[in-house]
Amino acid sequence: MPFNLDDLQKARQALAQFRANAKSPHHERYSFPFFRGTYFAYRKVDVLRVAAIAKSIAPSPSYLDVGCGYGDFLKRIREFLPDAQGIEKDAGIFYGLGTEKPDYITVSDAHWIDRKYDLIFVGWMEPGQDFRDAVAKSTDVIVTTLDQGISLAAEFDGHGFEKVAWWRTPSWEDVNTEVMNRHYTKMPEDKRGRLAKLRGAHNLWYVYCRPHKSNAIREAIKKQVEKEPAGRYDFEYVLDECGYQYLQKLENPAAPEPLWQVQWN
Ligand SMILES: C[S@@+](CC[C@H](N)C(=O)[O-])C[C@H]1O[C@@H](n2cnc3c(N)ncnc32)[C@H](O)[C@@H]1O
């Protein structure tokens, strides 16, 4: 479903209001993920993992971010893969709001991908969208993030791909709830602490590849993880403060694995 221009304009006004009273310039990426961040909450370790996977395929790999929106994650990836490209089907998010579209983002539909890429990244596709056939025929390596339980269309097991590894991170909603409770809601500290124990983290990163590539991809991830943590972005302190530290184990039994810890399939 393309975005409704009226809704986008209202959301942008709400962002301006939020910004006027924000306690940190980094909160908006979690409260307004589409405009200012991503639907998945990432750290530099995620960017470096995805870049390392791509580089294990080719020294200057071709990379496509499908449904990249305004390209927040793509911009970070381009620090390591300068030729990385994105496609976004909704032209209105740029032209409707008078926002400049970077050259490396093409307005196009995933169903029309017409060449092969070394790696295709699909970051949090909304439920109901299913372009797995088009993506599967255009690459041997897919990294996807999905919201546990609702983004079934991001799972490629049935398309001749092997799931090599996965890890868990918070979604924007997990972090936004904590940010709101901590900084924008008046409540007793013990109540906030009790609510924090319920915090979830339901964004999953899946790494898929064709079976003949799985050893190389596994090795690339292992080598990269040995170097971690290697650098961080300025906004990561929000994740730390909200209890979403690198390798943090949550009390919520629905999220039993330490965050960001690679799980092997
Ligand atoms: C939930 S948003 C995620 C945006 C970004 N990847 C993120 O995580 O913040 C999904 C994006 O995919 C785009 N999209 C949906 N279907 C698409 C398709 N068939 N081809 C290309 N983009 C698509 C939507 O317009 C939207 O911008």
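Here goes a summary of the coordinates provided. (Residues numbered from 1 in each chain as written. Predicted model: local features only at pLDDT ≥ 70, side-chain atom pairs only at ≥ 80, totals over all residues. Heavy atoms only, no water.)

For the rest of this paragraph, the subject is the overall build of the chain. When helices and strands are counted, the chain shows 11 helices and 8 strands. Computed over the C-alpha atoms, the radius of gyration of the chain is 18 Å, within 12% of the 18 Å expected from 2.2 N^0.38 for a compact globule of 265 residues. The principal-axis extent of the C-alpha atoms belonging to the chain is close to 55 × 40 × 30 Å. Burial status across the chain gives 54% buried among its 265 residues. For the chain, the proportion of contacts with a sequence separation of at least 24, taken over those separated by at least 6, is 68%. Per element, the accessible surface of the chain, about 12,400 Å² overall, is 51% carbon and sulfur. Distance from the positive charge centre (36 side chains) to the negative charge centre (37 side chains) of the chain: 4 Å. (Helix = DSSP H or I, 4+ residues; strand = E, 2+ residues; numbered from the N terminus. Rg over C-alpha atoms; globule rule 2.2 N^0.38 Å. Buried < 20%, exposed > 50% of the residue type's maximum accessible area, 1.4 Å probe, protein only. Contact = heavy atoms within 4.5 Å. Areas by Shrake-Rupley, 256 points an atom, 1.4 Å probe, with all protein chains shown as cover. Lys, Arg positive; Asp, Glu negative; His and termini not counted. Charge placed at Lys NZ, Arg CZ, Asp CG, Glu CD.)

The next thing to look at is the packing of aromatic side chains. Geometry of an aromatic ring pair is reported as the spacing of the ring centres plus the angle between the planes. For the structure on display, the rule yields 24 aromatic pairs. Here Phe-156 and Phe-161 contribute two aromatic rings whose centre-to-centre distance is 6.2 Å and whose plane-to-plane angle is 65°, an arrangement assigned as edge-to-face. Taken individually, Phe-156 and Phe-161 each receive the classification buried, so the pair is uniform in this respect. Ring pairing ties together the aromatic residues Phe-40, Tyr-42, Phe-73, Phe-121, Trp-167, Trp-205, Tyr-233 and Phe-235, which thus form one cluster. Residue placement shows Arg-43 over the ring face of Trp-260; its charged tip is 4.7 Å from the ring centre. The ring of Tyr-244 has Arg-199 sitting right over it, with the charged end atom 5.6 Å from the ring centre. (Phe/Tyr/Trp six-rings, centres within 6.5 Å; stacked < 30°, edge-to-face > 60°. Lys NZ or Arg CZ within 6 Å of the ring centre and 35° of its normal.)

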